[in-house]
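This is what each chain is made of:
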Amino acid sequence: MLVVSGLAALWRPRLGVCGIVAACAIGLIPSVRVLLGGATESLRLAWNVPYGAFFVEVDALSAFFLIPIFGLSALTAIYGDEYLAAWRGKKSLGTSWFFFSLLVASMVLVVIARNAVLFLVAWELMALTSFFLVTFEDEKESVRKAGWTYLVASHLGTAFLLAMFVLLGREAGSFDFDRFAPSAAGVLFLLAVIGFGTKAGFMPFHVWLPEAHPAAPSHVSALMSGVMIKMGIYGLLRTLTFLGAPPLWWGWLLIGIGLSSGVLGVLFALAQHDLKRLLAYHSVENIGIIALGLGVGLLGISSGSTALTVLGFAGALLHVINHALFKGLLFLGAGAVAHATGTRELEHLGGLLKRMPLTAATFLIGAVAISGLPPLNGFVSEFLIYLGAYRGAMGFDVHAVGPGLAVIVGLALIGGLAVACFTKAFGIAFLGEPRSDHTRHAHEPGWAMRGPMLALALGCGLIGLLAPVVVGVLAPTLVNVTKLSPDAVHDGLAVAVNPLWFVTGAGIGLIALIGALAWLRRRLLAKRSVQTAVTWDCGYAQPSARMQYTASSFAQPLTELFAPVLRTRRNLTQPTKIFPHSSSLATETPDVADEMVYRPVFAGIDGVLARLRWLQHGNVHLYVLYIALTLLVLLVWKLG
Amino acid sequence: MNPAPFIQPLLALLRAGLALALSPLLLGVINRTKASFAGRNGQPLLQSYYDLWKLLHKGAVYSRTTTWVFRAGPIIGLAAVLAATTLVPLGGLPSTVSFSGDLVLFAYLLGLTRFFTVIAALDTGSSFEGMGASREVTFSALAEPALLLGLAALARQSGSLSLSSIYSSLSFDAWLEVGPMLALVVAALMVVLLAENARIPVDDPNTHLELTMIHEVMVLDHSGPDLAFILYNAALKLWVLSALLAGLIIPIRSGNPWLDGGACLLGMLVIAIIIGIIESSMARLRLLRVPQLLVGASALAVVALILSLR
Amino acid sequence: MINTDIILFLLVLTNLRLLGAGRLGASVRTVAVQGVLLGALALLTHHDHLTVAVLLVALSGMVLKGVVFPWLLFRALREAEVEREVEPFVGPIMSLLAGVAALGASLWLARRLPLPESPNASLLVAVALFSILVGLFLIVTRKKAISQVLGFLVMENGIYAFGVGLVLESPLLVELGVLLDVFVAVFVMGIIIFQISREFDHIDTHELSKLRD
């Protein structure tokens, strides 16, 4: 149905949007049913592709990932309808919606495919459609470059996946998932980590994320960041289900990747002052947190501890949904800001809360959630991973103590730095006074844009408070992933769910206390005078809005502390003479992996291949000669 | 009606009430100690109570730049610290609410307070508050691992993940057994206490020079009941962290709740005096040195954990 | 035995203090404290068979390392008139983190070595290894010549700790010879530092690489 609505969109965009929303709503129903019930449904059709078979199946793991796909796609479609209105006359919106619906369809197919060829086809379709969506504003050079980076990165990752599936299929004799039972699991695991990690955004394969996500229109960024990168996580989980019992080093590897992605991701986010680039780096960080949870879970399986396994995987899975919710919310909010002010540059914003109250409020909820603070949902998933790590650190199994401690330090550092980053993002953009003229015409966006943001914010709060129930629902998925018996999963979940009831209680208590204190203050101030004045300015005669703290100055103590890692470049024109005329300071933090690894490697490859350029001389006759020679050689080789 | 099952929760609630009532007294003790070191008589011990009373009865002045975020900051901050108070045990006696993993909730509730204090500061649009906010987030990002690692060492020692069970198993024998490790945790937690409560050597609560302050400058624009909430917030945070430290230093677990509780309260008074002594005898560290101190605290906690691995 | 545990623990703390120190005066005093602690360690490990020889060696070690060396080094600092600030290639935070990693590595290595049946052997060996690593780290990452002397002394302390723990009885002559050796080394290094500073106006050994030609 998604494909039909895509085609309809070509004709009339609004129709396409409605179709997408309806399709998603319909799709949600069987997903929820499978998730709660645990039964699997499958369908097998004939397909004339060698080694391929149209074999799709919805089990608990797929159903779990289908829910954020459908939910977020519907919400971003509604949002995008109004967001793209600005380009209504100038660009063909229909094509964009066509690709959008194809993207959603391909993601659904990725999750339910059970045949390697079908999976790869869907994966490739996902990459291509998102490429077209990212390059929506292809008149800008930066957008074109970003799209190119994304395409290259995506295909490099797919190459690794191809290798992995070829190895798996050759051994099993067929490309159907349920026949895979491999031997050289270590190599396959590494291939899966690199291939799926590129899509998910593990360091150091993440370089396309900070380029592609800011370049895409905001509803596409929200969808990509919220759901598409989770397809990488899904792929990794699915591969784990047919790789068998994991040795210890898999858990260690994932924990190491999680630590580097998490800490480096949030550090780079701190150094950015483009709002969407900041959010893109935060996606890298949250994928790191998910990887930490997966690593803890794998350690649990290897060391035979049920509690550790359940806690780690439950935390990671819950964080998948949570991140979809709050990252989607934050990107939609950033889109509303960009839509209203025409800029994403934090240093030019300020005071937006007065002009866009609802956007600011939902952005605040997203910011509190992503920093992992109670009573919202971010805290719950991090809490589960913490519990797992603490249990690991408390035990006497030497192999689990070190990683457990590393996870604790990592999560604590990530949490603190995320607080720093989001107070910066929210505070500089929405609070204080406007720092430039861009905000003069800012206004609250329409209901089509506000509605989805409200819905997502509500979701954050609900999951935060209803956490025990939500985690309990994860049981069938956990059985699927960890291959433990349902009873063992049930016991493990009890360890997780019991504290969560207390956390929910604490959340409710917190809200009650807030209400009580607010009431108390209102009573106290009712009989006294309440006046307004200017902010205390220490006697400065002419304070201006430009004298406020800027984003880079807010982050400066931290970026200076971590300077060897960040390598921020500064362009400074010092003020000269006694009454200085003008001076400037610009900072830029390019991506470390990009600068130090990828660019040199690609430049080297470029250099080597440049030597072969003499082959491309443009002479058609010689080209035909090459083809003929190749055919001749092939014939001789095959027959000889 | 058998009153026995009600007694324990009731006593725990009473202990929480003790925290609410006595926490401003700790501030008074610190100030009196500093005054006596300086050769003055100093403020009355109950000065903080008088301050709270005065502020609650005043009106408020709000800046025109601020929004509801500014008005919400002190309230949410105080609510979070109040919730954290219910999680903290008094010496060997359990807290009002305890469950496995409550140490993580404790640390993150303090984080919630910090988040809202910082954005309330940014809401004023003044560069002074921005300065304090930016330093505050830097230092607390480094202090949080130290807190969680110190608590991890204690959790490992006692084999439980709930603050109350951890502290009730920290008896004198524990000190005899793993004294060095516990001493390291005490050092780490002391640094965290000084950092979180904005005491010398991390911050100076007495100067009102914007360039040198961290906490004090963030709350510069608050007035009236908001300032009272913030003052009480500071008192409660001091109480909560010193209770954790005192429970560790005074390992009297006799089984008699009055003796244990009284010993812990005495320990907290001693800690307040020690803080006063530290404040009088040291100068504030250069801002570049504070991260080194905090990372040092984390390093000590890690060494404690490494030692406990043998 | 619990007392040696505490001394070893204090040794670890002094090493960490050296890694994080910012001033040369504090570093010199910390190394002096280390020397005294080692003397106490020697006395405690042999407390059940104290002979005059052992007592003599331990006490002379404590006097030498706790009093004489700091005096020599402070005199060198005064005559060279240097700024009393440690100038590291690697900052204090990274040094501290490297130190913690080194401690973990030493503990792990000590567990793997085949050691004699002493209850405390593995912790002693670990702390000795740790001191050696810290000494090496100081020599490599500090610019001032004095810091390198201190690094040498710390390494010496580590080797001495090795000896104290593992060798029950070593000839008096050998022990006194080692002490004399160290004393002469520090004395000579003090003189050299003074001469370097007189010639070049600083004691930054990194600058000495300009001498190559």
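Everything numeric in this text was worked out from a predicted model, so none of it was measured. (Residues numbered from 1 in each chain as written. Chains lettered and ligands numbered in written order. Predicted model: local features only at pLDDT ≥ 70, side-chain atom pairs only at ≥ 80, totals over all residues. Heavy atoms only, no water.)

Caption draft 1: Representation of the overall build of chain C. Scanning chain C from terminus to terminus reveals seven helices and zero strands. Reading chain C from its N end, one meets helices and strands in the order α-α-α-α-α-α-α. Here chain C holds 213 residues, and the buried ones make up 45% of them. Pairs at least 24 residues apart make up 76% of the contacts formed inside chain C by residues separated by at least 6 positions. (Helix = DSSP H or I, 4+ residues; strand = E, 2+ residues; numbered from the N terminus. Buried < 20%, exposed > 50% of the residue type's maximum accessible area, 1.4 Å probe, protein only. Contact = heavy atoms within 4.5 Å.)

Caption draft 2: Spotlight on the confidence of the model for chain B. Per-residue confidence for chain B gives a mean pLDDT of 86, with 96% of residues at or over 70. Confidence scores differ between elements of chain B, with helix H8 (residues 215-218) of chain B showing the lowest mean pLDDT of 83 and helix H4 (residues 102-123) of chain B the highest of 92. (pLDDT = per-residue confidence, 0-100.)

Caption draft 3: View of helix H9 (residues 225-249) of chain B. For H9(B), built from 25 residues, the straight-helix expectation of 36 Å at 1.5 Å per residue is met to within 8% by its first-to-last C-alpha distance of 36 Å. The element H9(B) is extensively covered by neighbouring structure, given that 21 of its 25 residues are classed as buried. (Expected span 1.5 Å × (residues − 1).)

Caption draft 4: Structural context of the interface of chain C and chain B. Listed by partner, the interface residues are 17 residues for chain C and 16 residues for chain B. Taken over both partners, the interface formed by chain C and chain B buries close to 1400 Å², and the fraction arising from carbon and sulfur atoms is 81%. Linking chain C with chain B are zero salt bridges, by the criterion used here. There are zero residue pairs in polar contact (both at pLDDT 80 or more) connecting chain C and chain B. Broken down by secondary-structure element, the contributors of at least two residues to the side of chain C that touches chain B are helix H1 (2-20) and helix H4 (92-112) of chain C. A per-class count over the side of chain C that touches chain B returns 13 nonpolar, three polar and one charged. (Buried area = accessible area lost by both parts, 1.4 Å probe. Salt bridge = Lys/Arg side-chain N within 4 Å of Asp/Glu carboxyl O. Polar contact = N/O pair within 3.5 Å; in protein donor to acceptor, adjacent residues only side chain to side chain. Nonpolar A, V, L, I, M, F, W, Y, C, P; charged D, E, K, R; others polar.)

Caption draft 5: Structural context of the interface of chain A and chain B. At the interface, 73 residues of chain A touch 72 residues of chain B. Surface buried jointly by chain A and chain B totals about 6300 Å² across both partners, of which 77% is contributed by carbon and sulfur atoms. Put simply, chain A and chain B have one salt bridge between them. Among the salt bridges present, the one from B:Asp226 reaches A:Arg521, with a minimum N-O distance of 2.4 Å. The interface formed by chain A and chain B holds 13 residue pairs in polar contact (both at pLDDT 80 or more) in total. At the level of secondary structure, the elements contributing two or more residues to the side of chain A that touches chain B comprise helix H13 (352-355), helix H14 (357-370), helix H15 (377-394), helix H16 (398-430), helix H20 (486-526), strand E3 (530-533) and helix H21 (551-561) of chain A. In terms of residue count, H16(A) provides more of the side of chain A that touches chain B than any other element does, 16 residues in total.

Caption draft 6: Representation of the packing of helix H5 (residues 127-158) of chain B against helix H11 (residues 290-308) of chain B within the structure. Residue and element names in this part refer to chain B. Direction vectors running N to C along H5 and H11 enclose 15°, while the axes themselves pass 9 Å from each other. By the criterion of interaxial angle, the relationship of H5 to H11 is roughly parallel. Crossing hand, H5 versus H11: left-handed. Here H5 contributes Phe 139, Leu 142, Ala 143, Pro 145, Ala 146, Leu 149, Gly 150, Ala 152, Ala 153 and Arg 156 to the contact with H11, which in turn contributes Val 290, Pro 291, Leu 294, Val 295, Ala 297, Ser 298, Ala 301, Val 302, Leu 305 and Ser 308. (Axes fitted to C-alpha atoms, helices over the stretch in contact; angles between N-to-C directions. Parallel < 35°, antiparallel > 145°, perpendicular 65-115°, else oblique. Left-handed = near helix turned anticlockwise from the far one by under 90°.)

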